[in-house]
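One letter stands for each residue in the lines below.
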Amino acid sequence: MAKHKVGLIFGKFYPLHCGHIYLIEKAISQVDELHIFLGCEASRDKQLFDKSHLPKQPQISDRFSWLKETFKDRHNIHIHVLDEAGIEFYPNGWQDWSDRVKQLLTEHKIIPNVVFTSEPQDVKNHEHYFGCSVTIVDADRHFMNISATQIRENPYKNWSFIAQAAKPFFVKKVAIIGQGRFCELPIQLANIYNTQYVPNGYINYIEREISTRHNYLSECDYIKIAMLHVERLTKAVETANKLIFTSIDFETLAQYYRQIFEKENDVLQALKNSYQFDLVIHEKDLKPQRSQLEYFETVSKKVEALLI
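The rules behind these values
Residue indices follow the written sequence of each chain, beginning from 1 at its first position. Restriction of local features to residues with pLDDT of at least 70 applies here, the model being predicted, together with a cutoff of 80 or more for giving and counting side-chain atom pairs; totals for whole chains, interfaces and linings are based on all residues. For side-chain calculations, the full set of non-hydrogen atoms in the structure is used, while hydrogens and water are omitted. Going along the chain from the N terminus, every DSSP run of H or I of four or more residues is numbered as a helix, and every run of E of two or more is numbered as a strand. Here's how the labels work: a residue is buried when its accessible area is under 20% of the maximum for its type, exposed when over 50%, partly exposed in between, all with a 1.4 Å probe on protein chains only. Side-chain rings of Phe, Tyr and Trp, where Trp is taken by its six-membered ring, are said to pair if the distance between their centres is within 6.5 Å; with planes under 30 degrees apart they count as stacked, over 60 as edge-to-face, and otherwise as tilted. The rule is short: NZ of Lys or CZ of Arg within 6 Å of the ring centre and within 35 degrees of the ring normal puts a charge over the ring. Whether two strands pair depends on DSSP finding at least two bridges between them. Axis definition: a line fitted to C-alpha atoms, over the contacting stretch in the case of helices. Angles run 0 to 180 degrees between N-to-C directions. Contacts are residue-level and defined by heavy atoms, with any inter-residue pair within 4.5 Å sufficient. Under this definition, polar contacts are N or O atom pairs within 3.5 Å; protein pairs additionally need one hydrogen-donor-capable and one acceptor-capable atom, and for neighbouring residues in sequence, both atoms have to be side-chain atoms.

Trainee: Can you help me understand unusual backbone geometry in this one?
Mentor: Most peptide bonds are trans, and most residues other than glycine sit at a negative phi. The residue after tyrosine 14, namely proline 15, is reached through a cis peptide bond having omega 5°. Summarising the element assignment, proline 15 is placed in the loop between strand 1 (6–11) and helix 1 (18–28). Omega for the peptide link from tyrosine 90 to proline 91 comes to 10°, which places this bond in the cis form. With respect to the element layout, proline 91 can be found in the loop between strand 3 (77–83) and helix 4 (94–107). Unlike most non-glycine residues, glutamate 262 shows phi in positive territory, near 55°. With respect to the secondary-structure elements, glutamate 262 resides in the loop between helix 11 (250–261) and helix 12 (266–274). Of the residues examined, glutamate 262 reaches a relative accessible area of 71% and is grouped as exposed.

Quick look at the structure:
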């Protein structure tokens, strides 16, 4: 009977990209069981973020969920968090690091036969500390010419290489708020960037509810509008191309509520504080423009600056 083959892969997955996925998929085609170890160390991870152009710092939970979502249908791929706190940073600390790995291997009753890596310089250490063979996959990046460093340096230039499960984390949210033809701008920009426009739930709700029920919005209506907008934004982010556009944010919605009811609403305040837009452009805050084209060009420049 053939020996049950167990493979190991180590990485930070900061962020998860197509090169990682290729490594994992090629590895699982050669073993019966594959264990992925997600390495985490707070100060190192913060340093990586500080040197990057990422819009926000991925947390351990984010990186873990990207792996889980990407390989959710694979019963023979297992993901573990490897706490590397207190261990010297790579390329030092091999002894302490391997001891930490072996603790996890023992806890989970994992007996590896092979380590998969794209880093040839690590082969001898893997062989020495784990006593098993090492298989190198795409070391020269011929099949998948990308690295996590390249993505951290310019995530939007390298957008196509970011794992599908990770992309929503990096999507930037833009609200362009005004009257008349100014409201066409978020639709135009969504078309240009081949991405999602999220309809203004406030306007939609008014058009639907006031025409069928009464001529005013109640306090409960504002909560329904806000929840509708959250739902639409959340869904749009899942399939967005770098950006999503809308024509209202929660600060504006809370302001409308405050003007009408002369008080604050806890739900709207919480949404305003927790659901952050990366760019909010109000028509009233721009210099008066002579034409729609001038508005278009002014707003376009602000949006383009988000992706640098």
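Trainee: How should the packing of aromatic side chains be read in this particular structure?
Mentor: Any aromatic ring pair is given by two values, namely how distant the centres are and how the planes are angled relative to each other. Applying the stated rule across the entire model yields 20 aromatic pairs. Ring centres of phenylalanine 250 and tyrosine 275 lie 5.6 Å apart, and the angle between their planes is 75°; on these two criteria the pair is classed as edge-to-face. One end of the pair, phenylalanine 250, is in helix 11; the other, tyrosine 275, is in the loop between helix 12 and strand 9 (279–282), with 25 residues separating them in the sequence. For the pair shown, phenylalanine 250 and tyrosine 275 are each scored as buried. Among the aromatic residues, those joined into a cluster by ring pairs are Phe10, Phe37, Tyr90, Trp94, Trp97, Tyr129 and Phe130. A cation over an aromatic ring shows up here: lysine 56 above the ring of phenylalanine 169, its NZ or CZ 4.6 Å from the ring centre.

Trainee: Which parts of the structure should I look at to understand the sheet that holds strand 4 (residues 114–117)?
Mentor: The strands making up a sheet associate through hydrogen bonds between their backbones, and the pairing can be parallel or antiparallel. Spatial strand order, 3-2-1-4-5: 5 strands in an open sheet with parallel pairing. Where the open sheet ends on each side, the last strands, each with one partner, are strand 3 and strand 5 (133–136). On average, adjacent strands in this sheet sit at an angle of 25° to one another, irrespective of strand direction. As defined by bridge partners, strand 2 (residues 33–40) adjoins strand 3 across 7 bridges and the pair is classed as parallel. Looking at the pairing, glycine 39 lines up with leucine 82 of strand 3. Against the sheet, helix 3 (residues 60–70) engages strand 2 and strand 3, with an angle of about 160° to strand 2. Strands strand 1, strand 4 and strand 5 of the sheet are contacted by helix 5 (residues 123–130), whose axis makes an angle of about 155° with strand 5.

Trainee: Explanation requested: the environment of histidine 53 in the structure shown.
Mentor: Secondary-structure assignment places histidine 53 in the loop between helix 2 (42–50) and helix 3. Sequence separation between histidine 53 and arginine 63 is 10 residues; the distance between their C-alpha atoms is 17 Å. Engagement of the side chain of histidine 53 in a polar contact is seen with the backbone oxygen of glutamate 153, the distance being 2.9 Å.

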